[in-house]
Amino acid sequence: MGAAVCRNYIGGEWVDAATGETFESRDPATGELVGVFPLSTIEDMDRAVAAANEAWESWRLVPAPKRAEILFRVAQLLVERKDELTELMVREMGKVRAEAGGDVQEAIDMTFYMAGEGRRMFGHTTPSELPDKFCMSVRMPVGVVGAITPWNFPIAIPSWKIAPALVCGDTVVFKPAQDTPFLGERFVEIFEQAGLPAGVLNVVHGAGAVVGQHLVKHPDVPLISLTGSREVGVLVQQNAAPHLKNVHLELGGKNAVIVMDDADLDLAVDGIAWSAFGTSGQRCTAASRVIATGRVYEELQSRLVSRAERMRLGSGLEEGTDVGPVINRAALEKIHSYTEIGVGEGAKLLTGGEVATENGLDRGHFYRPTIFADVDPGMRIAQEEIFGPTTAIIRAGDVDEAIRIANGVRFGLSSSIFTRDVNKAFKAMRELRTGITYVNAGTTGAEVHLPFGGMKDTGNGHREAGQAALDFYTEWKALYVDYSGTLQRAQIDNQ
Ligand code: NAD
């Protein structure tokens, strides 16, 4: 497959950046060129926002079940094109084929699920405190959504934002990550193919600090949904504040797996390996800490090391690859800098800790699965998001201490406990300060009909997916109909 030249999609037209400037997207496993994209300016973003605003005036009035029919078609097209999208994802983002297929499947599931909302989107009716009066509440569309996404789930995460926004009657300006623009472009193309009216969904490629920031500051965009790093989340919140926008943030994680003495160790090793090294550790829900109690602490280390050392690095397109590349050179350097930090802090490096270059891996960005032990919970490798295939093993005395350590970070996305003791499991479910907790499974694997998001610095209290998503993409309106024919004053005439 040769490199494609792609465009922005604004008001139903595929267009170059106003300046004609471009940037490249490259395969992180081989460095090969995947596509060329418009390096857009604020002028391009202004045009997209204007198109989305214009389209909103009619889209908000399209009956929700009709809006949903388009989403159903999108989901069907995603099913038909799953293999093609999966292959493109492996090439552009690097994750292995099974995981890329899972990413596309998540978008399929989310789009079908949100299409179903077209015939639900329930409000409430409730009795009035006054006679001959009717009360109800309904969900109302809000306007243009600025959807800004990261590169690690290049189709799933856009679907978490675009599908609920559209069924709720909002229109969207989508700014995909600069490392995965092709998947963003393909996803939007499918909405066009499904018959979405012009202007309802627009895509503008380019730098976060330029077009992303302009979208966040734009006075005609009342909703901003960002998935990304904590640093960018803070900036987005600040930039949106002067217009009092509704801002939804899904940010970083420092997720822990707790392994108790009574755990099924084989299962725990499977769960940890999948959560720590899957997607090369580049998941917001990655297990970058393992907290183990006394009797299993040593045994777990040796089993994890032997598992990590058996993992095969390579292109995600090759059969038998366990761990693909990390996204780019800067990520590789950041991940390695944390190995140096961990060694400097006195943690014991059990395995990995180096860039992999053998057998042509030097053409891409590969890092060996890395495990530290004897990690103190306060060390930087146990506190900061590394976003690579690195995990830190920490010792705890009992379940209370394990939970205290797990909670002792600024983030609160996902957590997990391996135990056969129902009392410990329920205590952990209540006490772990994360938006998601797994029992006897790793820290990853969310399903689209449950709320997704984190506590503390992982977000700002909103949730993606499930019914919870509707709360962000709509605003509640209370309606009172008085059919008594007299003036009835609430709180006064009912006394
Ligand atoms: P990032 O914060 O660098 O970028 C995210 C998006 O924001 C990109 O599209 C980028 O172009 C844009 N952006 C950058 N600066 C901006 C600005 N000033 N204004 C507006 N937009 C701007 O994150 P990334 O490297 O793409 O992704 C990795 C991060 O995402 C990790 O921290 C990871 O934990 C997090 N993440 C969180 C979740 C979740 O659901 N909680 C899911 C996936 C990833």
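Residues numbered from 1 in each chain as written. Predicted model: local features only at pLDDT ≥ 70, side-chain atom pairs only at ≥ 80, totals over all residues. Heavy atoms only, no water.

Examining the layout of surface pockets
No. 1: In this structure, the largest pocket occupies an estimated 1000 Å³ of space.
No. 2: Considering the residues around the largest pocket, the lining is formed by 43 residues, among which Pro150, Trp151, Gly228, Ser229 and Val232 are closest to the centre.
No. 3: Of all the secondary structure elements, the ones that give two or more residues to the lining of the largest pocket are helix H7 (208–217), strand S11 (223–227), helix H8 (230–240) and helix H11 (329–345).
No. 4: With six residues, the single largest contributor to the lining of the largest pocket is H8.
No. 5: Taken as a whole, the second largest pocket holds about 390 Å³ of empty space.
No. 6: Taken together, 21 residues line the second largest pocket, and the ones lying closest to its centre are Glu106, Phe153, Arg283, Gly445 and Ala446.
No. 7: Residue assignment for the lining of the second largest pocket shows that the elements contributing at least two residues are helix H4 (97–117) and helix H5 (156–167).
No. 8: The greatest single-element share of the lining of the second largest pocket, amounting to six residues, is contributed by H4. (1 Å grid on protein atoms, 1.4 Å probe; cavity = no way out; pocket = protein on both sides within 12 Å on 5 of 7 lines; lining within 4 Å. Points joined across faces, edges and corners; volume = space filled by probe spheres on them. Helix = DSSP H or I, 4+ residues; strand = E, 2+ residues; numbered from the N terminus.)

Regarding the site of the ligand
No. 1: Around the ligand sit 29 residues in total, of which Thr149, Lys175, Ser229, Leu251 and Glu385 are the nearest.
No. 2: A distance of 3.4 Å is found between an oxygen atom of the ligand and a backbone nitrogen or oxygen belonging to Gly208.
No. 3: A distance of 2.8 Å separates a nitrogen atom of the ligand from a polar atom in the backbone of Leu251.
No. 4: For the ligand, the accessible surface in isolation is 850 Å², of which the surrounding protein chains cover 89%.
No. 5: Of the pockets mapped on this structure, the ligand occupies the largest pocket.
No. 6: Breaking the shell around the ligand down by element, the ones donating at least two residues are H7, S11 and H8. (Near = heavy atom within 4 Å. Polar contact = N/O pair within 3.5 Å; in protein donor to acceptor, adjacent residues only side chain to side chain. Areas by Shrake-Rupley, 256 points an atom, 1.4 Å probe, with all protein chains shown as cover. Sits in = over half its atoms within 2 Å of the grid points.)

Some remarks on the pattern of salt bridges
A side chain with one charge may pair with a side chain of the opposite charge, provided their charged atoms come close.
No. 1: Applying the stated rule across the entire model yields 30 salt bridges.
No. 2: In this structure, the salt-bridge partner of Arg186 is Glu84, at a minimum N-O distance of 3.6 Å. Of this pair, Arg186 sits in helix H6 (residues 181–193) while Glu84 sits in helix H3 (residues 82–93), and the two are 102 residues apart along the sequence.
No. 3: Of the charged contacts, one joins Glu189 and Arg186 as a salt bridge, the two residues approaching to 3.1 Å between their closest N and O atoms. Of the two residues, Glu189 and Arg186 are both situated in helix H6; the distance of three residues between them amounts to about one turn of the helix. (Salt bridge = Lys/Arg side-chain N within 4 Å of Asp/Glu carboxyl O.)

Comments concerning the environment of Met311
No. 1: Structurally, Met311 is set in the loop between helix H10 (294–310) and H11.
No. 2: On the accessibility criterion, Met311 (18% relative accessible area) is buried.
No. 3: Residues Met311 and Val323, 12 residues apart in the sequence, show an inter-C-alpha distance of 6.8 Å. (Buried < 20%, exposed > 50% of the residue type's maximum accessible area, 1.4 Å probe, protein only.)

Comments concerning the packing of helix H2 (residues 64–80) against H4
No. 1: Between H2 and H4, whose axes approach to 8 Å, the crossing angle comes to 160 degrees. Between H2 and H4, the crossing angle belongs to the class labelled roughly antiparallel. Remark: the crossing between H2 and H4 carries left-handed chirality. Only Val104, Ala107, Ile108, Thr111, Phe112, Met114, Ala115 and Gly116 of H4 make contact with H2, whose side of the interface consists of Ala68, Leu71, Phe72, Val74, Ala75, Gln76, Leu78 and Val79. (Axes fitted to C-alpha atoms, helices over the stretch in contact; angles between N-to-C directions. Parallel < 35°, antiparallel > 145°, perpendicular 65-115°, else oblique. Left-handed = near helix turned anticlockwise from the far one by under 90°. Contact = heavy atoms within 4.5 Å.)

Some points on the sheet that holds strand S7 (residues 133–141)
No. 1: Reading across from one edge, S6-S7-S22 is the order of the three strands in this open sheet, with antiparallel pairing throughout. Two strands in the sheet have a free side with no partner beyond their single neighbour: strand S6 (124–127) and strand S22 (474–482). Each neighbouring strand pair of the sheet contributes to a mean axis angle of 20 degrees, computed without reference to strand direction.
No. 2: With four bridges joining them, S6 and S7 adopt antiparallel strand pairing. (Pairing = 2+ DSSP bridges.)

Here we look at H4
No. 1: In a regular helix each residue adds 1.5 Å, so 21 residues correspond to 30 Å; H4 covers 31 Å between its end C-alpha atoms and thus fits that length.
No. 2: Among the 21 residues of H4, 15 are classified as buried, and the element is accordingly described as predominantly covered. (Expected span 1.5 Å × (residues − 1).)

Thoughts on the sheet that holds strand S1 (residues 4–5)
No. 1: On the basis of which strands lie adjacent, the open sheet formed by three strands has the order S1-S5-S4 and mixed pairing. In this open sheet, the two strands that pair with only one neighbour each are S1 and strand S4 (22–26).
No. 2: Note: S4 against strand S5 (residues 33–38), five bridges, orientation antiparallel. Bridge pairing links Arg26 to Leu33 in S5.
No. 3: Sheet strands touched by H3: S4 and S5. Its angle to S5, the strand with the most contacts, is close to 85 degrees.

Looking at the side chain of His365
No. 1: Position of His365 relative to the elements: it lies in the loop between strand S15 (348–351) and strand S16 (370–373).
No. 2: Once residues within four sequence positions are removed from consideration, His365 is found in contact with Pro28, Pro325, Val326, Ile327, Asn328, Arg329 and Leu332.

Overview of the packing of aromatic side chains
No. 1: Under the criterion given, the structure shown has eight aromatic pairs.
No. 2: Note on Phe37 and Phe182: the rings are 5.7 Å apart at their centroids and 70 degrees apart in plane angle, and the pair reads as edge-to-face. One end of the pair, Phe37, is in strand S5; the other, Phe182, is in helix H6, with 145 residues separating them in the sequence.
No. 3: Considering the side-chain rings of Trp151 and Phe387, the 5.6 Å spacing of their centres and the 75 degrees angle between planes classify their relative orientation as edge-to-face. Placement of Trp151 in the loop between strand S8 (144–148) and H5 and of Phe387 in the loop between S16 and strand S17 (390–396) is noted, with a sequence separation of 236 residues between them. There is no split in this pair, since Trp151 and Phe387 are both buried.
No. 4: An aromatic cluster of at least three residues, connected via ring pairs, comprises Phe23, Phe37 and Phe182.
No. 5: Positioned above the aromatic ring of Trp56 is the side chain of Arg60, whose terminal nitrogen or guanidinium carbon lies 5.2 Å from the ring centre.
No. 6: Here Arg283 stacks its cationic end above the ring of Trp274, 4.5 Å away from the centre of that ring. (Phe/Tyr/Trp six-rings, centres within 6.5 Å; stacked < 30°, edge-to-face > 60°. Lys NZ or Arg CZ within 6 Å of the ring centre and 35° of its normal.)

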